[in-house]
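Working through the structure, step by step
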Amino acid sequence: MLHALSLLLAFHGSALAAPSEDPLPTLQRAMDHVLPALATQQDPLLHLAYTVTEHRTRNLTAREGALAPLRDQRDRTLDIDLRVGDMKVDNTHKLRDSWSGSYRADGTSPRDEAGDALFDLAVLGTDDTFRAARKRLVEVRANDQVKVAREDDSDDFSPTPVVTHLAPPAPVELDLKSWEARVQRASTRIAAAEHVHQSGVELAIDEERRWLLTRDGTRIADGRTRLRVSAWAETTADDGMRLQTYDYVDVAVGEHLPDEAAFDALVDGVVRNLQALRRAPIVDPFEGPAILRGRAASVFFHEIFGHRIEGHRQKDEDEGQTFTKRVGLPVLPDFLSVVDDPTLASLAGRDLNGNYAYDDEGVAAQRVTLVDKGVLRGFLMSRAPIKGFGTSNGHGRREPGNDVVPRQGNLIVEASRTVPYAKLREQLVAEVKRQGKPFGLVFDDISGGFTFTGRSTPNAFAVQPVTVWRVFPDGRPDELVRGVDLIGTPLTTFGRILAAGDDRDVFNGMCGAESGWVPVSGSSPSLLVQSVEVQRTEKGNDRPPLLAPPVTVVTAGGAK
Amino acid sequence: MTTLLLLACLAFAGDDATAASAAPPSVRALPTLPADAPVMERALHAELSRALDGLKLPEAPAPFLMTASATEGYTVNVLARNGAIVRSDAAPMRNARLESHIGSYQSDSAAFDDFGPSGQLLRRLPLGEDELALRRTLWLGFDAAYKGSVEQHAAKNAARRGKPAPKGPDLLGGPVVQTTGAVPAMPAPLSSEALERVATRLSRAARVDPRIEIADVDAFRWTGRRVLLASEQTRTWSSGGWTVVRLTAVARLPDGSQVFDERAWIARDEAALPAIEVMEEEARTMGRAMVALTKASVEENWLGPVVFEGQAAVELFSQLLVPEISGTPPAESGGDGPVMPPSSRIGRRVLPDGWSVRDDVPGHPEALGAYQTDHDGVAPRAVDLIEDGVVRDVLMSRLPRADRQASTGHARAIGGARREAMPAVVEVTPPTTMAHTRLERQALKRAREVGHDRVLVVTHLSPAANDGIGLSVTGGDTPAGLTSPTEAHMLYRDGRRVPVRGLHFSGVDRRTLRDIVATSPGEGWTTVMDSTAGPGRYLVGPTGGLPVTWNVPNVLVAEMELLGSGGGEPRVVHLAATAAGSTAAGTK
């Protein structure tokens, strides 16, 4: 199966609560109601879990200097996870050479406890899901008879400790009036800047509250909060390329939002970068040495490494399985180690998006050493085992409405041997000279990326930079360039990492894959890579606007 | 939308068919704004003016016509399920539809659709009173519309190469219509509380039994105002709004099959809705009708007379008549295929002798489907569409056809779609009517003649606007068919009425209406939500569409065919009894 795994920095809302009623008693009542009936069925119920996820989102948005009224919305989704069969083979077992997917009941849930609406939804959804699951199990058994033996015959499901974790909600308290003024002021400033055609500023407050109940007795009530303040600007270059700059700060609590000066600096940077990019030359396709700075290096690792060590990809024979059989073998230079640690709330002074205490299967999040001194040690695991890894390490994640699969949380690259960034840059120049290249590249900010991990497509990745600098070997000043994407294939690229800086940056974003969009973070030192390849990026072809932008407000009567 | 202001100053086209048929020269002049024009209109005017003066690529013509219509107001969207709110949103809205036309009225870039670049687009506008912010969005919008129209015009010319030149113009000259008097005031912001209450209570009331598994109420309200400015000196303001409350329920029967039913209440605002107690009783009645179906047999096949009563009669006429009376021709497109003629044809018989159909907006200004200017800015006129059962005239927008070269003021569109003629306030009048009991006796007599001891009576059809099931589409731009009955019963000679379920119409098309053999007085004026003729009619959703008001009789159709189906997988887990006084069938 082909998976396009995308990483977006654009806000993809979700997260904790206004006055929320606890649905756990209703969910328990529903479970008590359905279990006796299901116990009489020929196909044994293996697992049943109910999750209610509530999102309250508040958005303060200004476009072109005009502030829109605050949007304040709240919704809930009910997820029903049900398995029929046994630990060895259940209905979630992959059907080979088949597009048949799993059934998920409509989880559109009442946002409040009113009458029996949630109870009814849970009971009827359980029935729908059970009947679909037992049909699928029949297909699974037939599929296994018809097909050759699997390379990985590990179980479909694994036990996990029962957990009780009931955390009180932590609603966001913020002076929204003062933020209204700041958002509007910033938007007005961006809109008035030269060459900015469209622009906007937003404060998004995202509060999530989650309640999870399993048949085994796990009861979790917890939440998370994310706030993002962001600004964007867009223009069209004379050659038709549409240029957009976007910057943001993600924080977990309101007190960590940028102050006035930092916010102004963020906004000014968006404008400055856009204006500089508009003048910047386009780079032709190129292969040569490069430094991936901070956020760029983090996204680079997220795409080319992180998605390939998600556990289910090691078992799925439609996947490329880059690392499946390399446990205990070197996969990275020996000065690099990689961990994924969702338990970390902050790093390098930055709140981390990928922080959580329990995953979406109710398993406690664990710090997982994936690579130790260059040697592959493990994978990200949900409750679905793979050969050699029989239990979850708390990485089963999903956006509400999707099946859980193992996903990244906070992916952290650590280097045992580092040099100051200035030294890393000198090494880049030396490498440029050694290779006889006209220049090297520094990628210092990115807008996102994606990778393909399946067998039916090239196992390639692309990272989409916002700002790329050309570094010349003759001492000329670095030059901002545009119009390129960083591309490559994983194993080749890993082998070319030469050195790491002593700096560290963090990216926060939303990652999209087969279990939906989940908040993630990544952190890495700057990396010097012996050789990267860049290709021309997609661009628009429209002429810039024919008329100058309106700059004066007209009075009635039609004066221009 | 109802225009509140008077219109004046009809000039070179207007309602005069002769004047409108000639392709007029381009006017390219904007009306002068009054000093107190609202900020949205000032912004539109300023950018439209700049666009008219300045948008011109070196090797391409300038627009001969540009228009901008903007809508601003407030919306409420609520969904309640089984007595609880699922989502609720009250929000301001403001958007603009911008059009650039290249060529001439004779050969207009906009009258072409090959899914390529277009000169018509919809833009969401910034909220608030910031004129400069509005103008910045409009500036880019007009720029994109102009460039799109240049390419659209080129594509149209390319497609026409080597083909005979069309006989008439592509676009009729617009009347110079200008609103006089005060601009309608911006309405007060809406709160969702009232509709939340209605939705919650109705979705609870409908669940008279646990076998009704889902009762959803979608409620929508919008209120606002709209301005149209065009380079033909047009300036119209209007204001209005409507409220749609739609209850949709699903029940599962012991054999595993599902049955659906719905009710809709459409009014100008919440205050104009029936009292909540009345609506609740209607919801309970619907629920009881669904429960009654649990004992109903699946009618496997029916060939014989069918009676359409109440809502079913309105849907029958709405679904089958609209394509026959809407005159806008299909959009010209590329390729070597033939130019598709309009589905409506003047001179075609669609009803029996003596029947007439009239769309009369001016005669019923209080109707929810009424308005004072259509989306082209043209005042609607009464149109005698069908006389003696034969189509004599059709509803028109400014998009002409060979045999109709004047707008009747019926152009409407949802969002950025092409403005096409659609009905507004329609009255269907039979030559004679009889008491309903007599109609039923006649139906039973006809049934007996073909060997039945009963007759099928359809009282509720799945509305076209919200039809998820049962449409019998026979292809083309205009689907032919009839949605499935959601409530029907067999009427026996001894007066028994036995519910039936699982029926779907087969082989229904426009000719079905010719087989009407008897009528009785209908329910009077009724509003439905609808769209222009075409597949989009079936996709407007539970609260989408534009209001159309109908007055139709109950009818007896001599012969129709329906096929039945039923059955499914019974539930393993049943709901406990959750509704007062009821117990779920099969609950263990």
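Residues numbered from 1 in each chain as written. Chains lettered and ligands numbered in written order. Predicted model: local features only at pLDDT ≥ 70, side-chain atom pairs only at ≥ 80, totals over all residues. Heavy atoms only, no water.

Scanning chain A from N- to C-terminus turns up 8 helices and 27 strands. Expected size for 560 residues packed as a compact globule is a radius of gyration near 24 Å; at 25 Å, chain A falls within 12% of this value. Structurally, chain A occupies a C-alpha span of about 75 × 65 × 40 Å along its principal axes. Residues classed as buried in chain A amount to 58% of the 560 residues present. Sequence-distant contacts in chain A: of pairs separated by 6 or more residues, those separated by 24 or more amount to 79%. (Helix = DSSP H or I, 4+ residues; strand = E, 2+ residues; numbered from the N terminus. Rg over C-alpha atoms; globule rule 2.2 N^0.38 Å. Buried < 20%, exposed > 50% of the residue type's maximum accessible area, 1.4 Å probe, protein only. Contact = heavy atoms within 4.5 Å.)

Next up on the list: the overall build of chain B. In terms of helices and strands, chain B carries 7 helices and 24 strands. Its C-alpha atoms give chain B a radius of gyration of 25 Å, near enough to 25 Å, the size a compact globule of 588 residues would have. Burial analysis of chain B (588 residues in total) assigns 60% to the buried set. Sequence-distant contacts in chain B: of pairs separated by 6 or more residues, those separated by 24 or more amount to 79%. For chain B, the accessible area works out to roughly 21,400 Å², and carbon and sulfur atoms hold 52% of it. Considering chain B, the positive charge centre built from 62 side chains and the negative charge centre built from 69 side chains are found 1 Å apart. (Areas by Shrake-Rupley, 256 points an atom, 1.4 Å probe, with all protein chains shown as cover. Lys, Arg positive; Asp, Glu negative; His and termini not counted. Charge placed at Lys NZ, Arg CZ, Asp CG, Glu CD.)

Counting residues in each nonpolar core, the largest one holds 56 residues, and the members touching the most others are Phe308(B), Phe317(B), Leu456(B) and Trp550(B). Among the elements that take part in this core, helix H6 (residues 311-325) of chain B stands out by supplying 9 residues, more than any other. Non-local contacts of Phe308(B), meaning those with residues more than four positions away in its chain, are made with Ala313(B), Leu316(B), Val458(B), Leu461(B), Leu482(B), Phe505(B), Asn554(B), Val555(B), Val557(B) and Met560(B). In terms of nonpolar packing, the next biggest core, distinct from the first, is built from 50 residues, Phe335(A), Val371(A), Phe379(A) and Val481(A) among them. (Core = buried A, V, L, I, M, F, W, Y, C linked by side-chain atoms within 4.5 Å.)

The subject of this paragraph is the packing of aromatic side chains. All names here are of chain A. Per the counting criterion, the structure on display carries 17 aromatic pairs over all chains. An angle of 80 degrees between the planes, with centres 5.3 Å apart, marks the rings of Phe 379 and Phe 389 as edge-to-face. With Phe 379 in the loop between strand E15 (375-376) and strand E16 (396-397) and Phe 389 in the loop between E15 and E16, the pair connects residues that are 10 residues apart, well separated along the chain. Accessibility expressed as a relative area gives 2% for Phe 379, which makes it buried. (Phe/Tyr/Trp six-rings, centres within 6.5 Å; stacked < 30°, edge-to-face > 60°.)

This paragraph deals with the interface of chain A and chain B. The interface is formed by 56 residues belonging to chain A together with 56 residues belonging to chain B. Contact between chain A and chain B buries roughly 4,700 Å² in total, counting both sides, with carbon and sulfur atoms accounting for 58%. Together, Arg63(A), Leu547(A) and Pro550(A) form the three largest contributors to the area buried by chain A at its contact with chain B, with a combined 14%. At the surface where chain A touches chain B, the tally comes to 11 salt bridges. Across the pair Arg207(B) and Asp120(A) runs a salt bridge whose closest N-O atoms are separated by 2.5 Å. Our enumeration of links across chain A and chain B arrives at 22 residue pairs in polar contact (both at pLDDT 80 or more). Within the residue set of the side of chain A that touches chain B, elements represented by two or more residues are helix H1 (24-39), strand E3 (66-67), strand E4 (71-84), strand E5 (108-109) and helix H2 (117-146) of chain A. (Buried area = accessible area lost by both parts, 1.4 Å probe. Salt bridge = Lys/Arg side-chain N within 4 Å of Asp/Glu carboxyl O. Polar contact = N/O pair within 3.5 Å; in protein donor to acceptor, adjacent residues only side chain to side chain.)

The next thing to look at is the sheet that holds strand E23 (residues 546-551) of chain B. Residues and elements named next belong to chain B. Strand order in the open sheet made by the 6 strands is E13-E12-E11-E16-E23-E22, with mixed pairing throughout. Edge positions in the open sheet fall to strand E13 (390-391) and strand E22 (526-530), since each of these has one partner strand only. Note that strand E16 (residues 425-429) and E23 share 3 bridges and pair parallel. When the sheet's bridge partners are listed, Val 425 is paired in E23 with Thr 549. (Pairing = 2+ DSSP bridges.)

Turning to the pattern of salt bridges, a few remarks are in order. Residue and element names in this part refer to chain A. Considering all chains together, one arrives at 106 salt bridges over all chains under this definition. Of the charged contacts, one joins Asp 128 and Arg 131 as a salt bridge, the two residues approaching to 2.8 Å between their closest N and O atoms. Of the two residues, Asp 128 and Arg 131 are both situated in helix H2; the distance of 3 residues between them amounts to about one turn of the helix. A relative accessible area of 6% places Arg 131 in the buried class.

All names here are of chain B. Per-residue confidence for chain B gives a mean pLDDT of 88; residues scoring 70 or more make up 90%. Low pLDDT, under 50, characterises residues 1-23; the predicted model gives this stretch 74 contacts beyond four residues in sequence or across chains. Under a pLDDT of 50 for its full length, residues 577-588 has, in the predicted model, 25 contacts with residues more than four places off or in other chains. (pLDDT = per-residue confidence, 0-100.)

Attention now moves to helix H3 (residues 176-192) of chain A. Taking 1.5 Å as the rise per residue, H3(A) with 17 residues should run 24 Å; its terminal C-alpha atoms sit 24 Å apart, in good agreement. Looking at the buried side of H3(A), the elements it contacts are strand E2 (45-63), E3, strand E7 (198-214), strand E8 (219-236) and helix H4 (260-279) of chain A together with helix H3 (131-160) of chain B. (Expected span 1.5 Å × (residues − 1).)

Before going further, it helps to spend a moment on the pairing of strand E11 (residues 356-359) of chain B. All names here are of chain B. The alternating pattern of E11 places Val 357 and Asp 359 on a buried face, while none of Ser 356 and Arg 358, on the opposite face, is buried. Taken together, the 4 bridges between E11 and E16 define a ladder with antiparallel strand orientation. Bridged to Val 357 within E16 is Val 428. The pairing of E11 with strand E12 (residues 383-387) spans 3 bridges and is classified as antiparallel. Looking across to E12, one finds that Asp 359 is bridged to Val 383.

With that out of the way, let us pick up the side chain of Ser107(B). Residues and elements named next belong to chain B. Assignment of secondary structure puts Ser 107 in the loop between strand E3 (84-101) and strand E4 (120-124). The exposure class of Ser 107 is buried, given its relative accessible area of 17%. Among all residues touching Ser 107, those that are not within four sequence positions of it are Ile 102, His 153, Lys 156, Asn 157, Arg 160 and Asp 170.

All names here are of chain B. Secondary-structure assignment places Val 227 in strand E6 (residues 212-230). Along the sequence, Val 227 and Glu 41 sit 186 residues apart, while their C-alpha atoms lie 7.2 Å from each other. Here Val 227 is in contact with Met 40, Glu 41, Leu 44, Ala 68, Ser 69, Ala 70, Thr 236 and Trp 237, once residues within four sequence places are set aside.

What follows deals with the packing of helix H4 (residues 193-205) of chain B against helix H5 (residues 276-292) of chain B. All names here are of chain B. Running from amino to carboxyl end, H4 crosses H5 at an angle of 30 degrees, the nearest separation of the two axes being 8 Å. Relative to H5, H4 is oriented roughly parallel. As H4 runs across H5, the sense of the crossing is right-handed. On H5, the residues touching Val 198, Arg 201, Leu 202 and Ala 205 of H4 are Ile 276, Glu 277, Met 279, Glu 280, Ala 283 and Arg 284. (Axes fitted to C-alpha atoms, helices over the stretch in contact; angles between N-to-C directions. Parallel < 35°, antiparallel > 145°, perpendicular 65-115°, else oblique. Left-handed = near helix turned anticlockwise from the far one by under 90°.)

The next point concerns unusual backbone geometry. A positive phi angle is found at Ala348(A), which is not glycine, with a value near 50 degrees. Following the sequence through the fold, Ala348(A) ends up in the loop between strand E12 (346-347) and strand E13 (350-351). With phi around 50 degrees, Asn82(B) is a residue other than glycine that occupies positive phi space. With respect to the helices and strands, Asn82(B) occurs in the loop between strand E2 (65-81) and E3.

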